[in-house]
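A look at the structure
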Amino acid sequence: MRDRALIFAGLVFFLGLVTFPVWYNAASGARAAAPEIKLPPGGTCVAPTDYMKTSHMSLLVQWRDAAVRENNRRYTAFDGKEYTISLTGTCLKQCHTNKAEFCDRCHDYSGVRTPYCWECHVDPATVAQTRAARAAGANSSEVVHE
Amino acid sequence: MNRKEFLRLGCFSMAALAGRRVAAQAAARRWAMVIDARKCLKEKGCDRCIQACHRVHNVPDFPNRAHEIKWIWKEPFQEAFVSERGPYVNEVFRDQPFLVFCNHCDNPPCVRVCPTRATWKREDGIVMMDWHRCIGCRYCMAACPYGSRSFNWLDPRPHIARIDPDYPTRTKGVVEKCTFCEERLARGQAPACVEACEEKALVFGDLEDPGSAVRELLRTNFAIRRKAELGTAPEIYYIV
Amino acid sequence: MFMFEKAVVGSRRYWAWIFCLFAVIGLGVIAYLRQFDQGLGITGLSRDVTWGLYIAQFTFLVGVAASAVMVVLPYYLHDWKVFSKITILGEFLAIAAVTMCMLYIFVDMGQPTRVLNVMLHPTPGSMMFWDFVSLTGYLLLNAVIALVTLSAERKAVAPPGWIKPIIIISIPWAISIHTVTAFLYNGLPGRSFWLTAILAPRFLASAFSAGPALLILLCMIIRRLTRFDPGSEPIRKLSLIVTYAMIVNVFFILMEVFTVFYSRIPEHMEHFRYLFVGLHGRASLVPWMWASVLLALVSLAILLVPRLRRHDAFLAAACVTVFLSLWIDKGLGLIVGGFVPSPLGAVTEYTPTLPEIAISLAIWAVGFLMITIFYKITLSVRESLA
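Thresholds, definitions, all that
- Along each chain, the written sequence defines residue order, and numbers are assigned to residues from 1.
- For this description, chains carry letters from A and ligands carry numbers from 1, given in the order in which they are written.
- Residue-level local features of this predicted model are given only where pLDDT is at least 70; pairs of side-chain atoms are given and counted only at 80 or more, and the full residue set underlies all totals for whole chains, interfaces and linings.
- By the convention adopted here, residues make contact when the C-beta atoms placed from their backbones lie within 7 Å.
- Angles run from 0 to 180 degrees between N-to-C directions of axes, and those axes are lines fitted to C-alpha atoms, restricted for helices to the stretch in contact.
- Secondary structure counts use DSSP, requiring at least four H or I residues in a row for a helix and at least two E residues in a row for a strand, with both numbered from the N terminus.
- Note on angle classes: values under 35 degrees are labelled roughly parallel, values over 145 roughly antiparallel, values of 65 to 115 roughly perpendicular, and the remainder oblique.
- Two helices that cross are described as forming a left-handed crossing if the nearer one is turned anticlockwise from the farther one by less than a right angle, and a right-handed crossing if clockwise.
- For this classification, the nonpolar set comprises Ala, Val, Leu, Ile, Met, Phe, Trp, Tyr, Cys and Pro, the charged set comprises Asp, Glu, Lys and Arg, and every other residue, Gly included, is treated as polar.
- Domain limits in this description derive from either an automatic procedure or a database domain assignment.
- For two strands to be treated as a pair, DSSP must find at least two bridges joining them.
- Partly exposed residues are those whose C-beta has more than 12 but fewer than 20 other C-beta atoms within 10 Å; 20 or more makes a residue buried and 12 or fewer makes it exposed, with C-beta atoms placed from the backbone.
- Helix span, as expected, comes to 1.5 Å for every residue beyond the first.

Time to look at the arrangement of the chains. The structure contains two pairs of chains in contact, of which chains B and C account for the largest number of contacts. There is no contact between chain A and chain C; across them, the least C-alpha separation is 11 Å.

All right, on to the packing of helix 2 (residues 53–66) of chain C against helix 8 (residues 199–225) of chain C then. Packed helices, taken two at a time, are described by their axes: the angle between them and the distance between them. Residue and element names in this part refer to chain C. Contact geometry for helix 2 and helix 8: axes closest at 7 Å, N-to-C directions at 70 degrees. When the axes of helix 2 and helix 8 are compared, the pair comes out roughly perpendicular. The handedness of the crossing between helix 2 and helix 8 is right-handed. Across from Gly63, Val64 and Ala66 in helix 2, the residues of helix 8 making contact are Phe203, Ser206, Ala207, Ala210, Gly211 and Leu214. Considering only residue class, the contact of helix 2 with helix 8 consists of six nonpolar, three polar and no charged.

Turning our eyes to something else, we now look at the domain arrangement of chain C. Residues and elements named next belong to chain C. Split by domain assignment, chain C resolves into domain 1 (13–186 + 353–386) and domain 2 (195–201 + 236–350). A straight line from the C-alpha centre of domain 1 to that of domain 2 covers 23 Å. Of the residues lining the interface, 21 residues belong to domain 1; the matching set on domain 2 comes to 20 residues. At the level of elements, helix 2 and helix 7 (163–186) are the ones that each hand at least two residues to the side of domain 1 that touches domain 2. No other element matches helix 2, which puts six residues into the side of domain 1 that touches domain 2. Of the residues that constitute the side of domain 1 that touches domain 2, the class distribution is eleven nonpolar, nine polar and one charged.

Attention shifts here to the interface of chain A and chain B. Listed as interface residues are 16 residues of chain A and, on the opposing side, 16 residues of chain B. Elements supplying a minimum of two residues to the side of chain A that touches chain B: helix 3 (49–69), helix 4 (87–95), helix 6 (117–120) and helix 7 (124–137) of chain A. With three residues, the top contributor of residues to the side of chain A that touches chain B is helix 3 of chain A. When the residues that make up the side of chain A that touches chain B are grouped by side-chain class, the tally is six nonpolar, five polar and five charged.

The next thing to look at is the sheet that holds strand 10 (residues 236–239) of chain B. Residues and elements named next belong to chain B. One open sheet holds the four strands; their spatial order is 8-1-10-9, and the pairing between them is mixed. Each edge of the sheet is formed by a strand with only one pairing partner; in this case those strands are strand 8 (202–206) and strand 9 (223–224). Across the sheet, helix 9 (residues 213–220) is in contact with strand 1 (31–36), strand 8, strand 9 and strand 10; its angle to strand 8 comes to roughly 110 degrees.

With 39 residues of chain B in contact, the opposing surface of chain C contributes 32 residues. Taken together, the elements giving at least two residues each to the side of chain B that touches chain C come down to helix 5 (109–113), helix 6 (139–143) and strand 6 (150–151) of chain B. Looking at the side of chain B that touches chain C, the element that brings in the most residues is helix 6 of chain B, giving four residues. A class-by-class count of the residues in the side of chain B that touches chain C yields 21 nonpolar, nine polar and nine charged.

Right, let's get into the environment of leucine 89 of chain C. All names here are of chain C. Locating leucine 89 in the fold gives a position in helix 4 (residues 87–108). Here leucine 89 falls in the buried class, since 25 other C-beta atoms lie within 10 Å of it. Spatially, the C-alpha atom of leucine 89 lies 8.6 Å from that of alanine 68, the residues being 21 residues apart in sequence.

In this structure, the amide linkage connecting valine 340 of chain C to the following residue, proline 341 of chain C, adopts the cis form with an omega of 0 degrees. Counting through the fold element by element, proline 341 of chain C comes out in the loop between helix 13 (312–339) and helix 14 (354–385). One non-glycine residue with positive phi stands out, namely phenylalanine 180 of chain B, at about 55 degrees. With respect to the helices, strands and loops of the structure, phenylalanine 180 of chain B is situated in the loop between strand 7 (175–176) and helix 7 (182–186). Residue classification places phenylalanine 180 of chain B among the buried residues on the basis of 25 C-beta atoms within 10 Å. Look at lysine 200 of chain B: it is not a glycine, yet its phi comes out positive at around 55 degrees. Tracing the backbone shows lysine 200 of chain B in the loop between helix 8 (192–196) and strand 8. The exposed category is assigned to lysine 200 of chain B, around which 11 C-beta atoms lie within 10 Å.

Further remarks concern helix 1 (residues 4–18) of chain A. With 15 residues, helix 1 of chain A extends 21 Å from end C-alpha to end C-alpha; this agrees with the ideal 21 Å at 1.5 Å per step. Little of helix 1 of chain A sits out of view: just zero of its 15 residues are buried.

Further remarks concern the pairing of strand 1 of chain B. Residues and elements named next belong to chain B. Of all six residues in strand 1, five are buried, a share of seventy percent or more. Of the pairings in the sheet, the one linking strand 1 to strand 8 comprises five bridges and is antiparallel in character. Paired with tryptophan 31 across the bridge in strand 8 is aspartate 206. The pairing of strand 1 with strand 10 spans four bridges and is classified as parallel. Each residue of the ladder has a partner; that of valine 34, found in strand 10, is tyrosine 237.

To continue, consider the packing of helix 4 of chain C against helix 6 (residues 127–154) of chain C. Residue and element names in this part refer to chain C. Following both chains from N to C, one finds helix 4 and helix 6 inclined at 150 degrees, their axes separated by 9 Å at the closest point. Put simply, helix 4 runs roughly antiparallel to helix 6. Taken as a pair, helix 4 and helix 6 cross one another with a handedness that is left-handed. Touching Ile88, Glu91, Phe92, Ala94, Ile95, Val98, Thr99, Cys101 and Met102 of helix 4 are Leu135, Tyr138, Leu139, Asn142, Ala143, Ile145, Ala146, Thr149 and Leu150, all from helix 6. Class assignment for the residues of the contact of helix 4 with helix 6 results in 14 nonpolar, three polar and one charged.

In structure tokens, the structure reads:
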């Protein structure tokens, strides 16, 4: 093999490139910080915390089918409390009022893109923010459009 | 088994079956709307019902008419009732706009053709939409004989004047239409258009309830429906 | 097993053609990415005309796909040996056409990522569900048939016995794909232009003229470009099929015209009026429809004269005019005509936009690419045996 040196050099270079993130982070002492999430204020959740951590998407799908396809909007939680099935009306308005500081932090950190939920369902905080920004930027006599 | 026992068993079975059917019908509802065209539009240019519906449901307003989305709107009489075209139509009606929207037919062609059951007929009569399942094939739009359905050709959010957070918007690529305010009905409220009408021209109710306002109106007035001859059995009645 | 290695050796002219096809496909992919991002609003479709160029191409191409039965049926059911060399060409044409159909449906969808909902939530009452099933089945049938028969030919043996029943099944299946496609339209009570029992027979008649016409043209091109000569007999028989099918198709259209204009129901007449003379001042499709009529007459003038039909140049012209005439009639005429006027009497015109045309051309290019590759493989196999 006349080109042995070249081949091995190339291999080493390639391996180095491919493992760059690993050894660079190790060398620079960077630590992966867990996302700082702002827990919702007090009260109980619609399901046990462990279940919510692993399976809130299953619950949401169950809620979706119950509300939309079966016209059943009442949900009885594990502790007997009754909730109205509504992503914005219950999940966001009653508990996770700050989607950006709770939901988004973990989702962005773990790179788990929410499915198309937010293309339709409305986050009241975002809407209010947009409205306030527009009102501040617009003339007082102008009509604000979103 | 002798003949007496057989007859007795037969009678009881028949009674039980009949009773079950009566019970089922008593539990069933059939939502419908009666529009009193004589009261509607007493005030010229009134569109309170349209504003209410489109506001409450985040219906976008597209400037390009080709992309427009409308759940409820006004059509001239001769377009809403195509078979009544002619040169000698009652002058009052000839150009009077009539309110049109999804008829929530009892025999809906749109439901028949949907390949994913993203639109289906509920037991209470509402032709419902599931925007999670719709694939945007627009077959239901081709099937609807009334042009009641709209499609989101583009992202609707930039064209919604004021997003009401209590109701979702839709996204591009799905078909939408009036759902008889099923989310309001679930809360015990009347549809938005009915509530907004100051003349009380829109009357909403349960056709299965003989004492309901809609039944009363239909009993005492002559009412027409759009394209009833197609067999779609529309449940929007117009008192003319 | 797929013998693709035969498709990657070719002359300079072959590679130039492949390159051109890829260029067209590339442009279409870019246009589709834009459509996927922004929505179908970048097409010329509207609230009143909700189906346009994409579904028109789909409808036309289902016919071309079904037309393979016109060579398969005589050969396999009635031992017409004359078609022995071209049945496989018909089957490959069917595969390419069905693939194009599926691509056209995919690009027409508002939420294409949800397309599997049709399989996850089967709805037997919907004709679109059955269309999905029948097209997929037809694609699989033809793929298996073409692969097995070509492999057998390459090994110079007879194909295995079990392929015969599969080929026989593909014959009624071919009829069914186009019937189901017609059912998409002619069961809708609100669309009076389509609500006619003769729609399915019309579809089949136009399919059996456009498809074999394209097959004749492909055979002529192959004869020009390669050493393969299917012979004049198969082409003559195919031209007879095109002739009779075109006569039946024109007859069916005249039947429609009579029914509509003798009964004089306004709602039924208005669609024809819009297409052929314009309605409420809107007449963008009128020149197209009359072109289609003219092309049909020219094609029949050639096809009905045996001396002209047997002359290659005239036959080629007739096939081109048949194909174009039916492409206009079944594509734009049928689909857009059904939506204009709307159920409320509104006249909304439809003009495809540039991205829409780019995507449509790209899908045609995909079909031609498939035909090129399949035919290249087939002819290489035959040349190596000769």
